[in-house]
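Descriptive structure summary
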Amino acid sequence: MSSAQRLSVLLVEDNELDARSMLHLLSRIEAVEFKVDHVSALAEALDLVGSSMYDCVLLDLSLPDSEGLASVDALLSRSPSTPVVVLTGLDDPTTAVKAVERGAQDFLTKGATAPEVISRSIRYAVARHHS
């Protein structure tokens, strides 16, 4: 996999099953090698984005210490230079538009997303954020 693109991703997901599923999906992608750090609370994510460089953050909107778009606001306030892709079980177009208006690069629904879609979303988020 030496010719694969390498991206560092922070997965912020409190549901262990959803986190394992996402890690499995990302491991199946051959064109990109994802180095994934996983945390289950927004406070942990804020600590990490403040001290580490991530190419992208996959952010759940339902966390034990934060709910909804407040999570997007807090993360982008702490690290405005890190692209955020919202990953949530909520299939709500209104929330999706609001998340993007607040600075998220994309909005994906858990369980309805193929590995190629996740990979493309992350790669495009990184590219858009760097342009």
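This text follows the structure it describes.
Every value quoted in this text rests on a predicted model; they were computed, and no experiment measured them. (Residues numbered from 1 in each chain as written. Predicted model: local features only at pLDDT ≥ 70, side-chain atom pairs only at ≥ 80, totals over all residues. Heavy atoms only, no water.)

**A word on a negative patch on the surface**
As a reminder of what qualifies: Grouping into patches uses exposed residues only, defined as over 30% relative accessible area, and leaves out salt-bridged ones; the cut-off is 9 Å for like charges and 5 Å for nonpolar side chains (Val, Leu, Ile, Met, Phe, Trp, Tyr). What sets the accessible areas is the Shrake-Rupley method with a 1.4 Å probe; for residues, cover comes only from the shown protein chains. Salt bridges, as used here, are contacts in which a Lys or Arg side-chain nitrogen is within 4 Å of a carboxyl oxygen on Asp or Glu. None of His or the chain ends enter the tally, which takes Lys and Arg as positive and Asp and Glu as negative. Charged side chains are reduced to one point each, which is NZ for Lys, CZ for Arg, CG for Asp and CD for Glu. Starting at the N terminus, helices and strands are each numbered in turn, a helix being any DSSP run of H or I of at least four residues and a strand any DSSP run of E of at least two.
Residues Asp 14, Glu 44, Asp 47 and Asp 65 make up a contiguous surface patch of negative charge. Mapped onto the fold, Asp 65 is located in the loop between strand 4 (62-63) and strand 5 (66-67).

**Looking at helix 5 (residues 115-130)**
The condition that has to hold: Any helix carries an expected span of 1.5 Å times its number of residues minus one. Burial classification: accessible surface area is computed with a 1.4 Å probe over protein chains only, and a residue below 20% of its type maximum counts as buried, one above 50% as exposed, and the rest as partly exposed. The directions considered for the arc run from the helix axis to the C-beta atoms. We call two residues in contact whenever any of their non-hydrogen atoms come within 4.5 Å of each other.
The terminal C-alpha atoms of helix 5 lie 23 Å apart, and with 16 residues this matches the ideal 22 Å at 1.5 Å per residue to within 8%. Residues of helix 5 that are buried include every one of Pro 115, Ile 118, Ser 119, Ser 121, Ile 122, Ala 125 and Val 126, and no others. Taken down its axis, helix 5 places every buried residue within 160° of arc, on the same side. Tucked into the core, helix 5 has its buried residues touching strand 1 (5-12), helix 1 (16-27), strand 2 (32-39), strand 3 (56-59), strand 6 (84-88) and strand 7 (106-109).

**Some thoughts on the pattern of salt bridges**
The final tally for this structure, using the stated rule, is six salt bridges. Where Arg 6 meets Glu 33, a salt bridge forms, and the shortest distance between an N and an O atom there is 3.1 Å. In this pair, Arg 6 sits in strand 1 while Glu 33 sits in strand 2, placing the two residues 27 residues apart along the sequence. Exposure remark for Glu 33: the relative accessible area of 29% places this residue in the partly exposed category. Of the charged contacts, one joins Lys 110 and Asp 60 as a salt bridge, the two residues approaching to 3.4 Å between their closest N and O atoms. Of the two residues, Lys 110 is situated in the loop between strand 7 and helix 5 and Asp 60 in the loop between strand 3 and strand 4; the sequence distance between them amounts to 50 residues. Residue Lys 110 is classed as partly exposed on the basis of its relative accessible area of 21%. Each of the salt bridges in this network shares a partner with another, and the network as a whole consists of Glu 13, Asp 18, Asp 60 and Lys 110.

Geometric descriptors of this kind do not, in isolation, establish any biological role.
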